[in-house]
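# Coordinate inspection notes
One-letter residues, chain by chain:
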Amino acid sequence: MTDVTSSQHADVGVQGHSRLIALVRSAWRDTLGYDTPDDDMSFFDAGGDSFVLISLIGKITKSSGITIKAVDVLRAPTMRKQAALLGQLMGEDRDESQ
Amino acid sequence: MQSQVAERWVRRFRDGDECTTKLICFPHAGSVAGQYRTWSRGLPSDIGVMAVRYPGREERFDDPFPSGLEALADDIADALDELAQRERVVLFGHCFGATVAHEVALRLHDRGHPPAALCVSGTLPPQALNGCRVVPTEDEDIIAHVVSLDASRAAAFEEPSLREAVLPAVRGDYGLVGSYAGGPRPPLDCPIYAYAGADDTEVTPAELQGWADMTHSAFRLRVLPGGHFYLKPEEATLLADLSDVLDLVRSGTTTV
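Residues numbered from 1 in each chain as written. Chains lettered and ligands numbered in written order. Predicted model: local features only at pLDDT ≥ 70, side-chain atom pairs only at ≥ 80, totals over all residues.

## Some words on helix H2 (residues 50-64) of chain A
Residue and element names in this part refer to chain A. Applicable threshold: Strands here mean DSSP runs of E at least two residues long; helices mean DSSP runs of H or I at least four residues long; both are numbered from the N terminus. Each helix should span, by expectation, one fewer than its residue count multiplied by 1.5 Å. Buried, partly exposed and exposed are defined by the number of other C-beta atoms within 10 Å of a residue's own C-beta, namely 20 or more, between the two limits, and 12 or fewer respectively, with C-beta atoms placed from the backbone. Working note: the arc is built from the helix axis to C-beta atom directions.
Along its 15 residues, H2 runs 21 Å from first to last C-alpha, staying within 8% of the 21 Å computed at 1.5 Å per residue. Here H2 has its buried residues at Ser-50, Leu-53, Leu-56, Ile-57 and Ile-60. In a view along the axis of H2, the buried residues occupy a sector of 105°, so they form one face of it. Of the residues one or two after H2, Gly-65 is the one with positive phi, at around 80°.

What follows is the structure in C-alpha cells.
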C-alpha cells in the first residue's frame, strides 16, 4: 500500500468521520425508534436484535450506497465501529475504482 | 461495577444499588440475552434483571464455543462469581438455558455462594436424561426443529444474510445439548421453582416434577397454558408468579 492510498484512507477518517457517524446514527434512530446518544453503545444493548439488524443494514446501505454484510456489522456493534467500517469500505471502493 | 469478564457474559436490563436481588436469566438454545429485555417492566423495581450472553452470537459472534455444556457452566460461574459473592442472585432458565442455569447453580454452590433460588422452565432434570439426547446435527434438521417449536423463527433462516448471522449460535447450542449426558447431581440447598407449558411437546409437566430431587429445600411446579414457548404469550402470568418467588426470596422465606 502506497502513502497516497494511506492518506486517502485518512481523508475518509478525518473529513468523513462525523458525516458517517451522523449517517449511522440516523439509521439507528430509524430502526430502533429513538436516538442513541452513546457512540460506543452496542446495538444489542440499545434494544436491537438480529431481525432489527437486517433492517439497520438496509437503511445504512440505502443512505450510503455501500453494501455491508450482517456478520461484519455483528463484529462492529457500535455506531463508532460501524462508521469506521463504512469509512473502510468506502476507501476500498475508491481503491478498486482507480 | 462489574468486571470486564462479567460485562462480556451478562447483559443488564436493570441494575442499581436499590436492586438488592438480581434475577439472572439464561436464554434457550440459539437465543440471545435480549429475549428477556421486557422482563424488567413486569418485575418489582428493586429486582435487578440481567441475562447471560452466550458466545457465538451478537457482540460475541467470534468468541469460540466451549467444549461442552459443563465447560460453558464453568465459564459462566467464573463470570458470575463476584456478583454471587456480593449479592442475592436468583437464576432462571428456559430449556437449554435451564440446564445451563442448574449447572451454574451447582458450581456457585460448590464455591460457597449459592443462588437464593433456581427457576427452571421447559426441560428435563439431569437425572432423567439417562445419557445423551438425540438432537439434530445437520443444519436443515436443526432449523426444522427450531421452527417446529417456534414458527416465528422461520424468518431468521430464510434471509441468507440473517441466516449467516444466527445459524452458528443455533448450531453451537444444539451441539452442547447433544453432548450433555446429565446424570445424578447432588441436591442444591436452595429452592427450585419449575415452570411448564401444559402442551409442551418437548417435556411434560410430570417429567418436570423430577426437578424436586435436585434440591433439599422447597420445590414447586407451576403449569401455564401453552406449548414449549409458553413464556411469551404467558409473560404477564409468569412474571407475576416470579415476582411472588422473588418476594419469598427477599423475605428469606423458602417455603412454598
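Okay, back to it.
## Topic: helix H3 (residues 69-86) of chain B
Residue and element names in this part refer to chain B. This is how it is decided: What the bend at a residue measures is the angle between two axes, fitted to the seven residues ending there and to the seven starting there.
For H3, built from 18 residues, the straight-helix expectation of 26 Å at 1.5 Å per residue is met to within 8% by its first-to-last C-alpha distance of 26 Å. Largest kink in H3: about 50°, centred on Leu-80. Turning to H3, its buried residues are Leu-69, Leu-72, Ala-73, Ile-76, Ala-79, Leu-80, Leu-83 and Ala-84.

## With respect to the interface of chain B and chain A
Here is the rule: Whether two residues are in contact is decided by their C-beta atoms, placed from the backbone, lying within 7 Å. Residue classes follow a fixed rule: Ala, Val, Leu, Ile, Met, Phe, Trp, Tyr, Cys and Pro count as nonpolar, while Asp, Glu, Lys and Arg count as charged, and any other residue, Gly among them, counts as polar.
Across the boundary between the two partners, chain B contributes 15 residues, which contact 15 residues of chain A. If you tally residues by element for the side of chain B that touches chain A, the top one is helix H7 (residues 160-179) of chain B, at five residues. Of the residues in the side of chain B that touches chain A, the class split is six nonpolar, two polar and seven charged.

## Comments concerning the sheet that holds strand S1 (residues 10-14) of chain B
Residue and element names in this part refer to chain B. The criterion, for reference: Any two strands with at least two DSSP-identified bridges between them are counted as paired. Here, axes are lines fitted to C-alpha atoms. For helices the fit covers the stretch in contact, and angles between N-to-C directions go from 0 to 180 degrees.
On the basis of which strands lie adjacent, the open sheet formed by seven strands has the order S1-S3-S2-S4-S5-S6-S7 and mixed pairing. Edge positions in the sheet fall to S1 and strand S7 (219-224), since each has one partner strand and no second. Recorded for the sheet is a direction-independent mean angle of 20° between the axes of neighbouring strands. Bridge analysis of strand S2 (residues 21-26) against strand S3 (residues 47-52) gives five bridges, and the strand direction is parallel. The residue of S3 that forms the bridge with Leu-23 is Val-49. Relative to strand S4 (residues 88-94), helix H4 (residues 96-110) is tilted by about 150°, and along the sheet it contacts S2, S4 and strand S5 (117-121).

## As for the environment of Ala-154 of chain B
With respect to the helices and strands, the residue Ala-154 of chain B is situated in helix H6 (residues 154-158). Residue classification places Ala-154 of chain B among the partly exposed residues on the basis of 13 C-beta atoms within 10 Å.

## Notes on the nonpolar core
Selection criterion: The nonpolar core is taken to be a set of buried Ala, Val, Leu, Ile, Met, Phe, Trp, Tyr and Cys residues joined by way of C-beta atoms within 7 Å.
Val-90, Leu-91, Ala-101, Leu-118 and Cys-119 of chain B are the most contacted members of the largest nonpolar core, which has 96 residues in total. Residues in contact with Cys-119 of chain B, not counting those within four places in the same chain, are Val-90, Leu-91, Phe-92, Tyr-193, Tyr-195, Leu-242 and Val-245 of chain B.

## Examining the environment of Tyr-174 of chain B
Residue and element names in this part refer to chain B. Examined against the element boundaries, Tyr-174 turns out to sit in helix H7. The exposure class of Tyr-174 is buried, given the 21 C-beta atoms found within 10 Å. Spatially, the C-alpha atoms of Tyr-174 and Leu-108 are 25 Å apart, while their sequence positions differ by 66 residues. When neighbours within four sequence positions are excluded, Tyr-174 is seen to be in contact with Ala-29, Val-135, Pro-136 and Ile-142.

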